[in-house]
Amino acid sequence: MIVNADSAQIYRDLRILSAAPSPEEMKQAEHGLYGVQDGALPCSAADWAALARREVEEVHASGRTPILAGGTGLYLRTLLYGIAPVPAIDPEVRARVREADVADNYLKLRTFDAKAAERLKPADTARVNRALEVILSTGRTLGEWQEQREGGIADKVEPRPLILLPPRKWLYERCDERFARMIDQGAVSEVEALLARKLNPNLPVMRAIGVREISAYLSGTATLDEAIAAGRQSTRRYAKRQYTWFAHQPPADWPRFQEPLDMDRLGEALALVTTDRSP
């Protein structure tokens, strides 16, 4: 069974823009956690890890092997190694923080959690808001909560990881092709339907790559060609961040496949997954 580990593919509102498996692909193998979340409900790393733990347990109970696929490193790290036990945020605090301008929230964060403010970029809406709502709601900084972790499954499973780090030129060309293909597949209509819901613009689904760029086209502030160019650039930038994270953050003994992932090299990649990594 293939289990989704991509933060965008979990939303049913983003089937095209997240490049979720097609109905035909999902018939070829059982898939889990694709399109299971409504965009109005944000899915945090902890939320996903809880869902993924249940999927993994059920697949193991049936005598099969789950295959986690996706590029959201924080999700995978949370599942394996746990997460800080931050209590539920007071809904009033969360609403107040997320309705405020990020610049104002950053100034408050400098007062209540100077270390976090120094570490974060002032325009990083999601992380600034998270750090501020944690200190305001719990009285402890996010850094203090992160000194302890719980809920990981790394000691209960035997991971067989494979990190894909293809040549950057090949990767960026694929990024450009992918965004153009999404437009052909109906991404504009998908964003139009999403905007019609009038959701909070700070929700993860509204900040997904392609939503802002296509929204500019729909509002008349950009041509379709400009929206495509912007979407391609955003995709490449995100791919660069993912590349850097997966090159350096996972354990050094996790195999890295650094060739283009063409069908004629698939066997080489899979061979790395089956290699015995025991000391």
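Given the structure is predicted, the values throughout are model-derived calculations rather than measurements.

Trainee: So what about the packing of aromatic side chains? Which residues, and what values?
Mentor: Going through the model one piece at a time under the given rule, you end up with two aromatic pairs. For the ring pair W245 and F246, a centre distance of 5.0 Å and an interplane angle of 70° mean the geometry is edge-to-face. For W245, a relative accessible area of 24% translates into the label partly exposed. Across from the ring centre of W145, 4.1 Å away, lies the NZ or CZ of R140, which sits over that ring. Here the guanidinium or amino end of R168 rests over the ring plane of Y243, the centre of that ring lying 4.1 Å away.

Trainee: Give a detailed account of the pattern of salt bridges, specifying residues and quantitative values.
Mentor: For the coordinates displayed, the defined rule picks out 13 salt bridges. With its nearest N and O atoms 2.8 Å apart, the salt bridge here joins D13 to R197. In this pair, D13 sits in the loop between β1 (2-4) and α1 (23-28) while R197 sits in the loop between α10 (187-196) and α11 (211-219), placing the two residues 184 residues apart along the sequence. Judged by its relative accessible area of 15%, D13 falls in the buried class. A salt bridge links E158 to R160, with the nearest nitrogen and oxygen atoms 3.3 Å apart. Exposure remark for E158: the relative accessible area of 60% places this residue in the exposed category. Via salt bridges that share partners, R12, D13, D38 and R197 belong to a single interconnected network.

Trainee: Break down the packing of helix α5 (residues 102-112) against helix α7 (residues 125-138) for me, citing the residues and quoting the values.
Mentor: For the pair α5 and α7, interaxial distance at closest approach is 9 Å and the crossing angle is 45°. By the angle between their axes, α5 is oblique relative to α7. In the packing of α5 onto α7, the handedness of the crossing is left-handed. Of α7, the residues touching α5 (which contributes V102, N105, Y106, K108, L109 and F112) are T125, V128, N129, A131, L132, I135 and L136. Its residues placed into classes, the contact of α5 with α7 shows nine nonpolar, three polar and one charged.

Trainee: With reference to specific residues and values, describe the nonpolar core.
Mentor: Among the nonpolar cores identified, the biggest contains 44 residues, and L14, L17, W48, V205 and I214 are the most heavily contacted of them. Elements supplying a minimum of two residues to this core: α2 (45-61), α3 (73-81), α9 (168-185), α10, α11 and α12 (224-248). Those residues in contact with V205 that sit more than four places away from it in its chain are Y11, D13, L14, G39, L194, L199 and V211.

Trainee: I'd love a proper account of unusual backbone geometry, names of residues and values included.
Mentor: Most peptide bonds adopt trans geometry, and most residues besides glycine take a negative phi value. Phi is positive for L33, close to 70°, though the residue is something other than glycine. The topology assignment puts L33 in the loop between β2 (31-32) and α2. Residue classification places L33 among the buried positions, given a relative accessible area of 6%. Located in the positive-phi region is K198, a residue other than glycine, with phi close to 55°.

Trainee: Run through the sheet that holds β2, naming residues and quoting values.
Mentor: Pairing in this open sheet of three strands is parallel, and the strands run β2-β1-β3 from one edge to the other. Taken across any chain shown, the strands that pair with only one partner, and hence form the sheet edges, are β2 and β3 (67-69).

Trainee: Go over α3 with me, naming the residues and quoting the values.
Mentor: Turning to α3, its buried residues number three or more, namely G73, Y75, L76, T78, L79 and L80. Where α3 is buried, its residues meet α2, β3 and α12. Just beyond α3, the residue with positive phi is G82, at close to 90°.

Trainee: Pulling in residues and values, what's your account of a nonpolar patch on the surface?
Mentor: A contiguous nonpolar surface patch, about 470 Å² in accessible area, is contributed by L164, L261, M263, L266 and L270. Along the chain, L270 falls in helix α13 (residues 266-274). On the basis of relative accessible area, L270 is assigned to the partly exposed category, the value being 48%.

Definitions and limits used
- Residues numbered from 1 in each chain as written.
- Predicted model: local features only at pLDDT ≥ 70, side-chain atom pairs only at ≥ 80, totals over all residues.
- Heavy atoms only, no water.
- Phe/Tyr/Trp six-rings, centres within 6.5 Å; stacked < 30°, edge-to-face > 60°.
- Buried < 20%, exposed > 50% of the residue type's maximum accessible area, 1.4 Å probe, protein only.
- Lys NZ or Arg CZ within 6 Å of the ring centre and 35° of its normal.
- Salt bridge = Lys/Arg side-chain N within 4 Å of Asp/Glu carboxyl O.
- Helix = DSSP H or I, 4+ residues; strand = E, 2+ residues; numbered from the N terminus.
- Axes fitted to C-alpha atoms, helices over the stretch in contact; angles between N-to-C directions.
- Parallel < 35°, antiparallel > 145°, perpendicular 65-115°, else oblique.
- Left-handed = near helix turned anticlockwise from the far one by under 90°.
- Contact = heavy atoms within 4.5 Å.
- Nonpolar A, V, L, I, M, F, W, Y, C, P; charged D, E, K, R; others polar.
- Core = buried A, V, L, I, M, F, W, Y, C linked by side-chain atoms within 4.5 Å.
- Pairing = 2+ DSSP bridges.
- Patch = residues over 30% accessible without salt bridge, like charges linked within 9 Å, V, L, I, M, F, W, Y side chains within 5 Å.
- Areas by Shrake-Rupley, 256 points an atom, 1.4 Å probe, with all protein chains shown as cover.

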